[in-house]
Every structure is written in C-alpha cells, then in structure tokens.
Amino acid sequence: MNRHPSDPDHLVPGVLWRWDPVGAAIPLVVDSPHNSTDWPEDFDHIVTEAELMTSVDAFVDELFGHAPTVGATLIAAQFPRAYIDPNRAEDDLDLALIDGDWPLPVNPGEKTEYGMGVVRRYILKGRPIYDRKLSVDEVMHRLEQYHRPYHAAVADAIDRAHATFGQAFHIDCHSMKPVGNAMNVDAGEPRPDMVLSNREGETCDAAFIDTAADLLRDRGYRVAINHPYKGAELVARHSDPAAGRHSLQIELNRALYMDTESFEKTAGFDALKTDLDGFLAGMAGFVREQVG
Ligand SMILES: [Zn+2]
C-alpha cells in the first residue's frame with residue numbers, strides 16, 4: 001500500500017504512520033485518525049465488512065497527503081475506529097459492554113449514549129458490533145496498544161513544534177456521510193461540503209478557523225462551522241489556545257470524492273485533492289506568518 005508521495009519516516013506497526021516535513025519545517029501537525037481499514041485479528045465482531053466501512057473516513061490520509069510537502073507533520077492511524085476510537089476520551093466508555101469490573105474511572109458522554117464511545121456498541125442504528133461482552137483485558141489492550149500510542153504521537157509532534165516555534169497548529173481530519181443517519185444529531189439532514197469545528201471557540205483562535213474557512217470557500221465549497229460537528233477528543237485534548245496551541249477539526253463530505261455504497265474513489269477525488277493541496281499551502285502560509 002503505497003498511497004503517499006513518500007515512505008513514512010516513522011512507523012508504529014499496526015498503530016500509525018508519521019511523515020515528517022519535507023524541507024523547512026513549520027509548526028503544523030495534520031492527523032487522520034479514522035482512515036484505516038486494517039481490521040485487527042482479535043476484533044471478533046459480528047458485522048459485515050460493508051457495515052464496518054461506513055465508519056471509515058476512507059482516503060482521508062491520502063487527501064491530506066500534501067501536508068509534509070508544505071512543511072507539516074502528517075500522522076495517520078493504522079487501526080479502525082470501530083475497534084477503538086482515538087477521537088473519544090478513554091473514559092468515554094460504556095460499562096454495559098464490559099464483562100467484569102473495569103478498573104479505571106469512566107465518564108460516558110453523549111456519544112456513548114448513541115453507541116459511539118471509545119469502544120463502539122453499534123456500527124449502525126440497532127446493529128450491535130458484538131454478540132458478546134468484551135473482557136477487561138481486551139479493552140485495556142486496545143487502549144494501551146492503539147489509543148494511547150496514537151495520542152502520544154500527536155502530542156509529541158505538537159510538543160516538538162511548540163518547543164521550536166513557541167506556537168503549534170493542528171488540523172484533525174475526517175470525512176462524513178452526506179446525510180446524517182439515525183445515530184447522528186442531524187439525522188436526515190443533508191450536510192454541507194465541509195464542516196470546520198473548534199468546540200465553539202475553545203480549541204483555537206478565530207483567526208485559524210476563519211483562515212481555513214476562507215481558503216475552502218474561495219475554492220467554492222459550502223463550509224459550516226461547529227454544526228453538526230463541534231470537534232471531539234483530538235482537538236479538545238491537544239489544544240490550549242492561551243498557550244499558543246491551536247487545533248481545529250475538518251470533516252469532508254464523502255460525496256465529494258467517493259461512492260458511499262462501493263467505497264471507491266469517484267471522479268471528484270482528484271479535484272478535491274488538488275483543492276486540499278492548495279488549502280494546505282494556504283494554511284502553511286498562515287502558520288509561517290504567525291511565527292515569522
Ligand atoms: Zn472521523
């Protein structure tokens with residue numbers, strides 16, 4: 001699988017790839033936590049591959065593959081979010097899924113009510129992923145071997161950027177179904193081309209998200225801010241705008257670039273990729289101005 005312009009600079013087998021900046025580095029980190037279709041051998045689920053694929057942000061790592069060329073670090077997951085989701089806090093756990101006494105505190109949120117916590121209960125509405133409870137060891141393994149190393153890699157890249165430049169900028173990249181389904185807060189509503197979010201202003205200064213929105217709208221895209229997505233764990237955990245750490249989340253409408261039934265790229269893919277190359281170059285320009 002050689003879908004990127006260059007071989008990764010760093011690999012945690014089964015967990016993630018990292019591509020370092022080509023040429024002069026800037027303090028920009030781009031991550032793609034949900035692109036993977038590598039199903040771990042111990043997943044032991046009862047759903048079909050097509051059902052699993054509905055949860056994958058397919059090709060998002062490739063769509064943002066220009067990031068290293070503009071001086072950014074790119075990190076992409078090698079494990080599927082249906083197995084363990086790095087965009088949920090590790091305590092966002094549904095204890096009804098667990099067989100035995102869970103040894104850590106839990107704090108299940110709204111997404112867990114929809115069956116979409118750190119370990120998902122449902123792949124689609126009313127469609128459970130398992131016909132069993134998961135053992136404590138099994139869930140602990142997923143946290144220790146996948147979730148925590150992914151976050152450690154993102155934190156490390158952001159910390160190194162911040163140490164060198166005094167500020168760090170982070171774009172957490174996803175894709176979304178064209179219409180919200182019954183497990184989403186916007187069930188039945190058609191979605192815009194892209195959704196940018198910063199948890200209503202908590203995870204980055206306005207200038208960062210406004211620049212992103214302008215660059216995308218200039219290319220003709222309909223961009224919504226903080227609806228229906230507000231931003232989740234990756235931007236919440238790795239941001240601190242007062243300390244110069246800025247994170248935003250971007251969701252791309254899958255209808256722009258893939259067939260949501262066959263999960264294959266469509267003719268729109270190349271045009272979107274070209275626009276995202278320009279978007280990343282524009283964001284790199286913004287970042288250089290901030291630290292210049
Ligand atoms: Zn996602």
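Just so it is clear, the model here is predicted, and its values are computed rather than measured.

Basis of the calculations
- Throughout this document, residue positions are counted from 1 along each chain, in the order its sequence is written.
- Reporting of local features is limited, given that this is a predicted model, to residues whose pLDDT is at least 70; pairs of side-chain atoms are given and counted only at 80 or more, and all residues count toward the totals for whole chains, interfaces and linings.
- At least two DSSP bridges between two strands are required for those strands to pair.
- Helix and strand definitions here come from DSSP, where helices need a minimum of 4 consecutive H or I residues and strands a minimum of 2 consecutive E residues; each element is numbered from the N-terminal end.
- Interaxial angles span 0 to 180 degrees and are taken between N-to-C directions of axes, which are lines fitted to C-alpha atoms, for helices over the stretch in contact.
- Any pair of residues counts as being in contact when their C-beta atoms, constructed from backbone geometry, are within 7 Å of one another.
- Residue burial here comes from a neighbour count, namely the number of other C-beta atoms, placed from the backbone, that lie within 10 Å of the residue's own C-beta, with 20 or more meaning buried, 12 or fewer meaning exposed, and in between meaning partly exposed.
- By convention a crossover is right-handed if, when the strands point away from the viewer, the path from the first strand over the helix to the second runs clockwise.
- In these notes, a nonpolar core means any group of buried Ala, Val, Leu, Ile, Met, Phe, Trp, Tyr and Cys residues linked to one another through C-beta atoms within 7 Å.

Moving on, we come to the sheet that holds strand β2 (residues 16-19). Pairing within the open sheet is mixed, and its eight strands lie in the order β1-β2-β4-β3-β9-β12-β10-β11. This sheet does not close on itself; its edge strands, each paired only once, are β1 (10-12) and β11 (223-225). Adjacent strand axes in the sheet meet at a mean angle of 20 degrees, parallel and antiparallel pairs treated alike. As paired strands, strand β3 (residues 28-32) and strand β4 (residues 73-77) are joined by four bridges and run parallel to one another. The residue of β4 that forms the bridge with Ser32 is Ala76. The sheet contacts of helix α5 (residues 206-218) involve β9 (168-176), β10 (194-197), β11 and β12 (245-253), and relative to β11 the element is tilted by about 160 degrees.

With that settled, consider the pairing of β10. Every second residue of β10 is oriented toward a common face, with Met194 and Leu196 on one face and Val195 and Ser197 on the other, all of them buried. Sheet analysis places β10 next to β11, joined by three bridges and oriented parallel. Bridging from a neighbouring strand, Met194 pairs with Val223 of β11. After leaving β10, the chain enters α5 and then returns to the sheet as β11, a path that is right-handed.

For the rest of this paragraph, the subject is the pairing of β3. The buried fraction of β3 is high, at five of five residues. Here β3 shows no split at all, with Leu28, Val30 and Ser32 on one side and Val29 and Asp31 on the other all buried. Where β3 meets β9, four bridges bridge the pair, whose relative direction is parallel. Each bridged residue has a counterpart across the sheet, and for Val30 the counterpart in β9 is Ile171.

Okay, the nonpolar core next. Counting residues in hydrophobic clusters, the biggest one holds 68 residues, and the most contacted among them are Leu28, Val29, Val30, Phe64, Ala72, Leu248 and Met283. Not counting residues up to four positions away in its chain, the partners in contact with Ala72 are Pro21, Ile26, Leu28, Val29, Val30, Ala67 and Ala284.

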